[in-house]
Amino acid sequence: MSFDSHLASKEDKINGSSEYVEKLGPLDESLVEIAGEGKVNGYTFYLSLVAGAAGLLFGWDTAIVGSALTNIGTSFGNKDLTSTQTEWAVASLSVGALFGALIGGTYSDIVGRKRVLIVGDVFFVIGGVLIAAAYGLIQFIVGRVVMGFGVGIAAVISAIYIGEVSPSKVRGRMVSIQSVCITGGQFVAYIFGGPILGNVNHGWRIMFALSIPMALAQGIAMHFLPESPRFSVMVNRQDEARATLRKIYKNATEQEIELKLKVIQLSADASTSLKRQHPSLWVRLGILLTTGRYLRPVIIAIILFVVQQLSGQNTLMYYSGTLFKSAGFVYAPGAGLLISGVNCLMSVVSMFSMDPVGRRKIFLIGSPIMIGALVIASVAFYKMTQSTNGQLVAALADTYPKQWVNLMLGMMVLFIVGYAPSFGTIAYTSIELMPLEVRGMGSAIAIAFQWAGNIFISATYLTIMNGIGPAGSYGLYAGFCFLGFVAIYFMYPEPSGLSIEETGSLFDEGFGVKKSERLRKAHKALRQDTEARNF
């Protein structure tokens, strides 16, 4: 359907006929509007909060290692962990997360979103037990890999479930609950890992054990939640989907519920159309890689996720205790707590600003802030470490000039101000740019690149720091951010305010940056014309 015919058909929506829905095909669910749909009711918020608790576990278990590393000491022998041992103690979680994301995404279409999230909680519990009881590095790493399976599942399935139980008009805001829970979990982890347990003998065991009751609580709560309407429709449980939709849309008439159900059915049919035509996974992969309108949005998602990981943000999450202790902070966990607090706050800001301001605009504002902050931080590191041959030496940390140390911390905070609302939050919405028929495969590929980038950073950070020093390391991260900025400027279109059909059409020829601007201007002109006529 062209843009003009799409606008012309808006009047049909008021009548809410099933013929209208049939004519539209697999379009945006928002085309069937229900009174009060733009407000979040208590039931939807509860469903999203329980599912979003997986993000809390995700955030906790990825961030707590930063505090644990400074507390482990000689727990696994008579000497501290080497740089290589430390890197793999951190990176092992990302290895598990890579496979957890791929396997969880696949099986969520077979057994359901709810059950896979519960399986993820089981991995969190088993991993927590293995780590808390570890008296050797091998068991610790195995526990981190197992816990990583839970993190990978939480990263993918939580957002899918929330999106599928949220009204279309508030879906973006509700899915952002997961990002807020992730950064909130990181913030709480720094509170417990620093002021509360940081100086407790074997406090690191308690840090990891605390994830066990959280996972158990979420698993029990998820058991009593309904399956998402979309999955219920996919497995031909229409009555179950209808009952859930009635609770989500409490003000809807039976006719409106049936129309919502029909749109979900059409959307589900579209998402499986390519698989029905080409059952072979390798054939579908070949089609994705050789069809421009499929490949381009996948490339965008890969770029955003890779830059998200190579920007250096995860070094602040995983190694903040080590970094700030070596930089001379008397209370290193406090610096990490400050950064994680700003990260959480700016994620909340992003949740309410991404659609009114525009996602592309937030990227184009946030990226230069990140680049500038990292460049200045690199200069600060250079000035700090002139007396130590460009290296951070913990034993000589008291000798570093305080003005440069404080400037470095300030720039790290400023970096997060640019990162959290853009790459930290909006990058996850890039999955929505992919056409429905390749979204499952495309998102799996993008997420695989995301976790591969995470593994690279977490497994090489200390090695790179020892090789080119902190000034060179954060200068390198600034370079990755610059490449990301250039890619976004030329390749990332603005999806805010566009329907699923319009978003999908952006990549028919090129990356659609200018086309999205034309469509948004046409929407704006239409609104102004309508307001003028009503006035």
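So, here is what we can say about the structure in this document. (Residues numbered from 1 in each chain as written. Predicted model: local features only at pLDDT ≥ 70, side-chain atom pairs only at ≥ 80, totals over all residues. Heavy atoms only, no water.)

### A closer look at the overall build of the chain
Point 1. Helix and strand content of the chain: 24 helices and zero strands.
Point 2. In terms of overall dimensions, the chain is globule-like: its C-alpha atoms have a radius of gyration of 24 Å, near the 24 Å expected for 535 residues.
Point 3. Expressed along its principal axes, the backbone C-alpha trace of the chain runs to roughly 75 × 45 × 45 Å.
Point 4. Within the chain, buried positions represent 56% of all 535 residues. (Helix = DSSP H or I, 4+ residues; strand = E, 2+ residues; numbered from the N terminus. Rg over C-alpha atoms; globule rule 2.2 N^0.38 Å. Buried < 20%, exposed > 50% of the residue type's maximum accessible area, 1.4 Å probe, protein only.)

### Regarding the nonpolar core
Point 1. Phe140, Phe324 and Tyr474 are the most contacted members of the largest nonpolar core, which totals 142 residues.
Point 2. Top contributing element to this core by residue count: helix α22 (residues 436–491), with 16 residues.
Point 3. In contact with Tyr474, other than residues within four places in its own chain, are Thr315, Leu316, Leu323, Leu374, Ser378, Phe381, Met412, Tyr461 and Met465. (Core = buried A, V, L, I, M, F, W, Y, C linked by side-chain atoms within 4.5 Å. Contact = heavy atoms within 4.5 Å.)

### What to know about the packing of aromatic side chains
Pairs of aromatic rings are described using the distance from one ring centre to the other and the angle between the two planes.
Point 1. Taken as a whole, this structure holds 17 aromatic pairs when the rule is applied.
Point 2. Their ring planes at 70 degrees and their centres at 5.1 Å tell us that Phe363 and Phe423 sit as a pair that is edge-to-face. Taken together, the positions of Phe363 in helix α20 (residues 359–384) and Phe423 in the loop between α21 (402–419) and α22 put the pair 60 residues apart, joining distant regions of the chain.
Point 3. Judged by its relative accessible area of 0%, Phe363 is buried.
Point 4. Ring centres 5.8 Å apart and planes at 25 degrees place the aromatic pair Phe415 and Tyr419 in the stacked group. Of this pair, Phe415 and Tyr419 both sit in helix α21, separated by four residues, roughly a single helical turn. Each member of the pair, Phe415 as well as Tyr419, carries the same accessibility label: buried.
Point 5. A connected cluster of aromatic rings, assembled from ring pairs, spans Tyr319, Phe381, Tyr461, Tyr474 and Tyr477.
Point 6. A cation over an aromatic ring shows up here: Arg205 above the ring of Tyr135, its NZ or CZ 4.0 Å from the ring centre. (Phe/Tyr/Trp six-rings, centres within 6.5 Å; stacked < 30°, edge-to-face > 60°. Lys NZ or Arg CZ within 6 Å of the ring centre and 35° of its normal.)

### Side note on the pattern of salt bridges
Point 1. Under the criterion given, the structure shown has seven salt bridges.
Point 2. For Arg230, the salt bridge goes to Glu164, with nearest N and O atoms at 3.5 Å. Of the two residues, Arg230 is situated in helix α11 (residues 229–234) and Glu164 in helix α7 (residues 137–165); the sequence distance between them amounts to 66 residues. As far as the burial class goes, Arg230 and Glu164 line up, both buried. (Salt bridge = Lys/Arg side-chain N within 4 Å of Asp/Glu carboxyl O.)

### Looking at a positive patch on the surface
Point 1. A cluster of basic residues, Lys361, Arg520, Lys524 and Arg527, forms a positive patch on the protein surface.
Point 2. When residues of the positive patch are assigned to their parent elements, the largest contribution, three residues, is made by helix α24 (residues 513–534).
Point 3. Locating Arg527 in the fold gives a position in helix α24.
Point 4. Residue classification places Arg527 among the partly exposed positions, given a relative accessible area of 48%. (Patch = residues over 30% accessible without salt bridge, like charges linked within 9 Å, V, L, I, M, F, W, Y side chains within 5 Å. Areas by Shrake-Rupley, 256 points an atom, 1.4 Å probe, with all protein chains shown as cover. Lys, Arg positive; Asp, Glu negative; His and termini not counted. Charge placed at Lys NZ, Arg CZ, Asp CG, Glu CD.)

### Concerning the packing of helix α12 (residues 238–248) against helix α13 (residues 254–271)
The axes of two packed helices give the description: the angle between them and the distance between them.
Point 1. Contact geometry for α12 and α13: axes closest at 10 Å, N-to-C directions at 125 degrees. Of the possible angle classes, the one that applies to α12 and α13 is oblique. Two packed elements cross with a definite hand, and for α12 against α13 that hand is right-handed. Between α12, through Gln238, Ala241, Arg242, Leu245 and Arg246, and α13, the contact on the second element is made entirely by Glu254, Ile257, Glu258, Lys260, Leu261, Ile264 and Gln265. (Axes fitted to C-alpha atoms, helices over the stretch in contact; angles between N-to-C directions. Parallel < 35°, antiparallel > 145°, perpendicular 65-115°, else oblique. Left-handed = near helix turned anticlockwise from the far one by under 90°.)

### Some words on the state of the cysteines
Point 1. What the rule picks out here adds up to zero disulfides.
Point 2. Between Cys344, a cysteine without a disulfide, and Cys181, which holds the nearest cysteine sulfur, the sulfur-to-sulfur distance is 9.0 Å. (Disulfide = S-S within 2.5 Å.)

### Points about helix α10 (residues 211–223)
Three or four residues apart is the spacing at which side chains of an α-helix point the same way, because the helix has 3.6 residues per turn.
Point 1. In this model, α10 (13 residues) spans 18 Å end to end at C-alpha, consistent with the 18 Å of a helix rising 1.5 Å per residue.
Point 2. For α10, every residue scored as buried is listed here: Ser211, Ile212, Ala215, Gln218, Gly219, Ala221 and Met222.
Point 3. In the core, the buried residues of α10 are packed alongside α4 (42–72), α6 (113–132), α7 and α9 (203–209). (Expected span 1.5 Å × (residues − 1).)

### A look at unusual backbone geometry
Point 1. Within the chain, Asn236 stands out as a residue other than glycine whose phi angle is a positive 60 degrees.
Point 2. Positionally, Asn236 belongs in the loop between α11 and α12.
Point 3. The class for Asn236 is exposed, based on a relative accessible area of 60%.

### Some remarks on the environment of Thr322
Point 1. By the secondary structure assignment, Thr322 is in helix α18 (residues 320–326).
Point 2. In this structure Thr322 comes out as partly exposed when scored by relative accessible area, which is 29%.
Point 3. The sequence separation of Thr322 and Thr70 amounts to 252 residues, and the corresponding C-alpha distance is 6.8 Å.

### Quick word on α7
Point 1. When the terminal C-alpha atoms of α7 are compared, their 41 Å separation across 29 residues agrees well with the 42 Å that a helix rising 1.5 Å per residue should span.
Point 2. Along its length, α7 shows its largest kink, about 30 degrees, at Ala154.
Point 3. Burial of α7 is extensive: 21 of the 29 residues sit out of reach of the surface. (Bend = angle between axes of the 7 residues up to and from the residue.)

Spatial relationships are all this shows, so hold off on functional conclusions.
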